[in-house]
Structure formats: C-alpha cells, structure tokens
Amino acid sequence: MIARRLFTACLLLLLFSGCAASSGSTLLVPAPGTHRFPYFDTETPVWSYNGRIPGPLIRAKAGTTLTVEVHNQLAEPTSIHWHGLRIDNAMDGVPGVTQDPIQPGDRFTYRLRLEEAGTYWYHPHLNTGEQLERGLKGVLVVEERRPLPWSQDLVWLLDDWRLQRDGTIFPHFNTHHDLMHDGRWGNVVTVNGQVAPEVVVAPGERVRLRMVNGANARIFAPQIEGLSATVIAVDGRPVSRPFPHGRLPLSPGNRIDLDITIPADAAGSTYRVIDRATRRTTALAEIRVRAAPPVATPVFDPPLAAGFLPAARFADAPVVKTWDLDAIRGGAFGIGWSMNRQLWPDADTLALEIGKPVKIQFVNRSTRLHPMHIHGAFFRVLTVNGESAVEPFTRDTVLVGPRETIVVGLVPEHGGIWMAHCHIQAHADSGMMTTITVE
Ligand code: C2O
Ligand code: CU
C-alpha cells in the first residue's frame, strides 16, 4: 500500500515536476470501458483513456519534452492529435498524413517538445466522429516556466453525449440528420464527465478557470452568473490585453482561460455556471464558496502574449487561398461537406512558406456552422463579412457562421503537412478537411 502510494507520488512528481530540464512521461491506454451518468441505473459503455472520462489531465512545463506512450486496446486503429500544440509535424497524430494508424494492440510514442504554456487538448484523429463521441479526449495543460500563484487552477472539459433511454450511446454516427445539420448534438451535457458538478472555492481566492470545448459539434457560451471574470487566454495563447468575459462562443476545439477573483464577502454563496449558446439554457456547473473567513487574494499580472502577432503585419499580405465551404452530393455518406467542392482525401494542398504572412479567406456558402481549425499554427481574425474584426487574441479555431466570410492572417512557423478542417466531426468525416504544406 505504502509502496503503491510512493509510486503514485513519484509519478505525480514526474508529471508536475518543476525542473525545466526534466521531461515528463505518461501512458495513455485507449480501451473500452464504462462511465456512470446520472438518470440511468446502469453503467454506460464508453471508450476511454486509462479507464477515465475524460482522459487524464496531463500537466507539464513549457520548455520540457513530454513523452506519451499510447497502447491501443481498442478493437480498431486510432491515433492522438495534440490540438493547438505547435510541435514536430511527425508527432501531430494524423494517420495517413503524419503517421500510420496505431493498430489494435500496438504502441506508439509521442515526443512533444512543449514550447508555449497554455491550455491544449488531445483526441484521436481517425474515425474521429465516433472515437471522440464515445469518450476519447483529455486536456493537456502546459504550465508557465515560472509558476504564478493562482489559488486554484481549474480545468473544465465541456462535452455533450447523445444517450438513449437505456443509457447507451446512440450508436449511429454521421447520420443523414447530423450531416444535414450542425453535426451531432447530444442530450446530456457534462463538465469533466459529470452533470452539473459543484466546485468549491474559498472567499478571496483568485482562480484560473480553463474551459475546453471537446464536444463533437455543440457550441457553448458559458456564463458565470454573478461573478465577473476576465479572459486572459484564448485557444491556449495569452490575449494581448485582458478583457471582461461576455458571451464569447466556444466552438468545438476552442479554449478560454478566465481569471476570477471570488469576492472576500462571498462566504456561503453559490454561483451558477450556465450555457447560453442556445435558447434553452443548460446548467454546466456550480461554484460554491465555502462558509469560511476570506483568504488573502494573490496579486500578480496574468501571463502576457509574448511576441503577439500584430494585425498590421498582414496589411500587405496577399489572400493566398479562398476556401468555399458548402455541401455537395457524393462521398461516403451521400452528402459531403466540402472545401472548394473537394472532399477529403481528394483535396489539393495549400503550399505556404515559413515566415511569410498570408491571408486565408473562409466563405461559408451554407446556412450551417463551420468551426474551422488549422493544425500547427495560430492565426488572427482580420475581417468578418468585409468589416474589420480584429480580436485582441489569436486562435487556432474560428467559427464561420451561416453565409459568413472570415479572413484570417497567419504566419507559418513550423514545416510539415498540417490539417485544416471543420471541427464539427460529422462535417470533417464527410470531407470538410484539407492540408497546408509548409516549407
Ligand atoms: Cu482538434 Cu484536427 O483537430
Ligand atoms: Cu462544418
């Protein structure tokens, strides 16, 4: 027992270790498992990493190398993509593009050189609509080289599930309905796998709250009733100037980091966190303040955007690509979501040069939603429908609304073949995916 505790302690130490020279290592085992949801008196069969929903929260330090060994115990091939990380292309986890699929029973080792601190997440990149929906996802937090004295660092992975009356996951993916609409929206919303969990804080605490949208398709717009929160990072990178948290939508793939101070006189209060993305609001979580004397609020500046990408850098940059987003007939499901009328894998690559600023234009010809994501890079939104719409932050995923046109600016920094796709999985699985080749 003690030996086992010691072992666990060492493992944790390894994962959370503060020394910049050290490197962490971890094992992820995707396998069939079960998870308990309320409402049903049965365990729901899921696919999970290490038997956990969501997968283990991995924490590692910027400047270190994280080694993740994956041992596939699913009955089908898989891979792991590190959403938002700008890493060696060979570690990006895209079968058929950057690696071979990890076959059942096989192992693969990812070596991730963590350059920038931030909130990232990981998920499969093969049969993604199904693997993601069945539960394969987790959060990767890359901590600052110099830790900041937050009272708590909370991580919430937002998700939804389409469960049947008997508590099992609705087993049809990329259905005609999902394809005709904005993908697969579930009927049970969870935070870290739990329905409306309660989080306990103390009066006076200064909390960093990292939210990740890991759903297949649902857009979230989380709102904390009665508490003011400041946005300090979007999609893993610090904002250029913190701003009050309003209704910034979190589309699949997006992350947001909030800086929240619990008022000193809030002892005994409860704050509801609700989702306001749709007309019907949904409870996400509750923040309960302990009935206790206040703690001293830590005073410090949140991390700032190092080397922020100024919008002015794109003043003379050419639009190197326009991607028309629309549905066409054809493909594996009869309806294919396309980019320039091409369905992945029959798609032309976009060639870009390292260090050269370019603009890319997304034109949504449809009335559906397309959260467009680019691997291995971050970009700035420049215009929406021709009007300047410069945001005080960079992104790796931007929601292109019905009939909307969005121009983004990007400076490729890492060579390789990087995916660009819609993060509504039914859309991506049906063809809305292409590549950018950076040389
Ligand atoms: Cu979350 Cu291809 O990405
Ligand atoms: Cu889409």
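The structure presented is a predicted model; accordingly, all values stated were derived computationally and were not measured. (Residues numbered from 1 in each chain as written. Chains lettered and ligands numbered in written order. Predicted model: local features only at pLDDT ≥ 70, side-chain atom pairs only at ≥ 80, totals over all residues.)

Caption draft 1: Looking closely at unusual backbone geometry. Residue Ile53 is joined to Pro54 through a cis peptide bond whose omega torsion reads -10 degrees. Structurally, the position occupied by Pro54 is in the loop between β3 (44–49) and β4 (58–61). Cis geometry marks the peptide bond from Trp344 to Pro345, where omega comes out at 10 degrees. Assignment of secondary structure puts Pro345 in the loop between β21 (335–339) and β22 (350–352). You will see that Arg341, though not glycine, has its phi angle at about 60 degrees, which is positive. With respect to the helices, strands and loops of the structure, Arg341 is situated in the loop between β21 and β22. We classify Arg341 as exposed; it has 12 C-beta atoms within 10 Å. The phi torsion at Arg403 lies on the positive side, around 60 degrees, for a residue other than glycine. Along the chain, Arg403 falls in the loop between β27 (397–400) and β28 (405–410). (Helix = DSSP H or I, 4+ residues; strand = E, 2+ residues; numbered from the N terminus. Buried ≥ 20, exposed ≤ 12 C-beta atoms within 10 Å, placed from the backbone.)

Caption draft 2: Layout of the sheet that holds strand β5 (residues 65–71). The strand order across the open sheet formed by three strands is β1-β5-β7, and the pairing between neighbours is mixed. Here the strands that pair on one side only, and so sit at the sheet edges, are β1 (25–28) and β7 (107–113). On average, each strand axis in the sheet is tilted by 20 degrees relative to the strand beside it, whichever way the strands run. Where β1 and β5 come together, four bridges link them in parallel fashion. (Pairing = 2+ DSSP bridges. Axes fitted to C-alpha atoms, helices over the stretch in contact; angles between N-to-C directions.)

Caption draft 3: Expanded view of the pairing of β21. Burial of β21 is extensive: five of the five residues sit out of reach of the surface. Where burial is concerned, the two faces of β21 agree: the one with Ile335, Trp337 and Met339 and the one with Gly336 and Ser338 are both buried. Note: strand β20 (residues 319–329) against β21, five bridges, orientation antiparallel. Opposite Asp326, over in β21, you have Ser338 as the bridge partner. Linkage of β20 to β21, two consecutive antiparallel strands, is achieved through a turn of five residues, within which Gly330 is found at a positive phi near 120 degrees.

Caption draft 4: Quick peek at the environment of Leu399. Tracing the backbone through its elements, the reader meets Leu399 in strand β27. Judged by C-beta crowding, with 22 C-beta atoms within 10 Å, Leu399 ranks as buried. In this structure the C-alpha to C-alpha distance between Leu399 and Arg210, which are 189 residues apart in sequence, comes to 19 Å.

Caption draft 5: Representation of the nonpolar core in the model. Core analysis: the largest hydrophobic core is formed by 104 residues, its most contacted members being Trp82, Leu112, Leu140, Trp156, Leu158 and Val408. Broken down by element, this core gets its largest block of residues, five residues, from strand β15 (residues 229–234). In this view, Trp156 contacts Val191, Asn192, Leu209, Arg210, Met211 and Ala285; residues no more than four positions away in its chain are not counted. (Core = buried A, V, L, I, M, F, W, Y, C linked by C-beta atoms within 7 Å. Contact = placed C-beta atoms within 7 Å.)

Caption draft 6: Just the sheet that holds strand β6 (residues 81–83), in detail. The strand order across the open sheet formed by four strands is β4-β9-β8-β6, and the pairing between neighbours is mixed. Two strands lie at the open edges of the sheet, namely β4 and β6, each paired on one side alone. Neighbour to neighbour, the strand axes of the sheet diverge by 25 degrees on average, direction disregarded. Relative to strand β9 (residues 138–143), strand β8 (residues 118–123) runs antiparallel, the two sharing five bridges. The residue of β9 that forms the bridge with Gly118 is Val142.

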